[in-house]
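Reading the structure
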Amino acid sequence: MASNAPLARPEGRVGSSLARTAGLRARVRSQLRLAAFALRRYAAKSDRLLASMVGSLLLCGSALAAQADSVVFRDAWFRAPLPGASVTAAYCDVENRGHSAATLVRFDASAGGDLKVEMHETVRSQDADGLEMVRMRHLQEVEVSPGATVTLAPGGRHLMLFGAPQARNLTLQASFADGSAREVVFERRTEGSP
Ligand SMILES: [Cu+2]
């Protein structure tokens, strides 16, 4: 623009016009830089906003896919307590149809009462004299991998029932590591050995 200034214009005025133009350009440049900076900051913020929105959606997603909802309990039964016994055991298959691990952390009797439930594992070993020893280990949790089925069965992992349920069916609440829970109905049977 300055180079197109009329030649007739006195030097001084052309000079000051050039100076004004240069000053204007500098101001425009610095304002553009500010605008670009602001845009970059906005983009960074909106990235963070987007990331937090995606995060919330993922949280919602995992909340929808609660561990209790991805698990199927099958063949749930408990051994009818022997006369006078105050302890018996319950068994079932636990299939995880979800895409992440489901971890059982406890079972509780839903109907209240004084029945106490522990997750146990029967462990067989030999003592120094070669005699077989059978003991039970208290399990804090039972993890079921995605796509896997864990079998709670006589001689292995089981639910130890401290109490002698007499009803035809026993309802226990199974609780998972993510805080989700569901009820499982165990059917009374008289079969098998402990
Ligand atoms: Cu036991």
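Owing to the predicted nature of the structure, the values given are computational and were not obtained by experimental measurement.

Examining the overall build of the protein
Within the protein, the secondary structure is distributed over two helices and ten strands. Listed by position from the N terminus, the elements making up the protein come as α-α-β-β-β-β-β-β-β-β-β-β. Counting all 194 residues of the protein, 14% fall into the buried class. Taking contacts inside the protein between residues at least 6 apart in sequence as the whole, the part at least 24 apart equals 64%.

Concerning the nonpolar core
In this structure, Ala-90, Leu-159 and Phe-186 are the most contacted members of the largest nonpolar core, which totals 21 residues. For this core, the secondary-structure elements that each account for two or more residues are β1 (71-79), β2 (87-96), β3 (102-109), β8 (157-162) and β9 (169-176). If one sorts the elements of this core by residue count, β2 sits on top with five residues. With near-sequence residues (within four places) excluded, Leu-159 lies in contact with Ala-89, Ala-90, Phe-107, Val-117, Met-119 and Leu-152.

Things to note about the environment of Ala-85
Inspection of the secondary structure assignment puts Ala-85 in the loop between β1 and β2. Once the C-alpha coordinates of Ala-85 and Gly-163 are considered, the two residues, 78 residues apart in sequence, prove to be 8.2 Å apart.

Looking at unusual backbone geometry
Trans peptide bonds make up the majority, and among non-glycine residues the majority have a negative phi. Within the chain, Asp-75 stands out as a residue other than glycine whose phi angle is a positive 50°. As for its position among the elements, Asp-75 is in strand β1. What makes Asp-75 exposed here is the crowd of 12 C-beta atoms within 10 Å.

Comments concerning the pairing of β9
Only one face of β9 is covered, namely the face carrying Leu-170, Leu-172, Ala-174 and Phe-176; the face carrying Asn-169, Thr-171, Gln-173 and Ser-175 is uncovered. Where β3 meets β9, five bridges bridge the pair, whose relative direction is antiparallel. The partner of Ala-109 across the bridge, within β9, is Leu-172. As paired elements, β9 and strand β10 (residues 181-189) share seven bridges and run antiparallel to each other. Looking at β10, one finds that Leu-170 is bridged to Phe-186.

Digging into the pairing of β10
Here β1 runs beside β10; their pairing, made up of three bridges, is parallel. Counterpart to Phe-78 in the pairing with β10 is Arg-188. Turn length for the β9-β10 hairpin, with the two strands adjacent in sequence and antiparallel, is four residues, and the turn residue Gly-179 shows positive phi of about 90°.

Observations concerning the confidence of the model for the protein
Summarising the model, the protein shows a mean pLDDT of 81, and 66% of its residues fall at 70 or more. Predicted confidence for residues 1-12 stays below pLDDT 50, and this span has seven contacts to residues more than four positions away or in other chains.

Details of the environment of Ala-177
Looking at where Ala-177 falls in the secondary structure, it is placed in the loop between β9 and β10. The exposure class of Ala-177 is partly exposed, given the 13 C-beta atoms found within 10 Å. Once residues within four sequence positions are removed from consideration, Ala-177 is found in contact with Gln-67, Thr-103, Val-105 and Glu-141.

Rules behind the numbers
Residues numbered from 1 in each chain as written. Predicted model: local features only at pLDDT ≥ 70, side-chain atom pairs only at ≥ 80, totals over all residues. Helix = DSSP H or I, 4+ residues; strand = E, 2+ residues; numbered from the N terminus. Buried ≥ 20, exposed ≤ 12 C-beta atoms within 10 Å, placed from the backbone. Contact = placed C-beta atoms within 7 Å. Core = buried A, V, L, I, M, F, W, Y, C linked by C-beta atoms within 7 Å. Pairing = 2+ DSSP bridges. pLDDT = per-residue confidence, 0-100.

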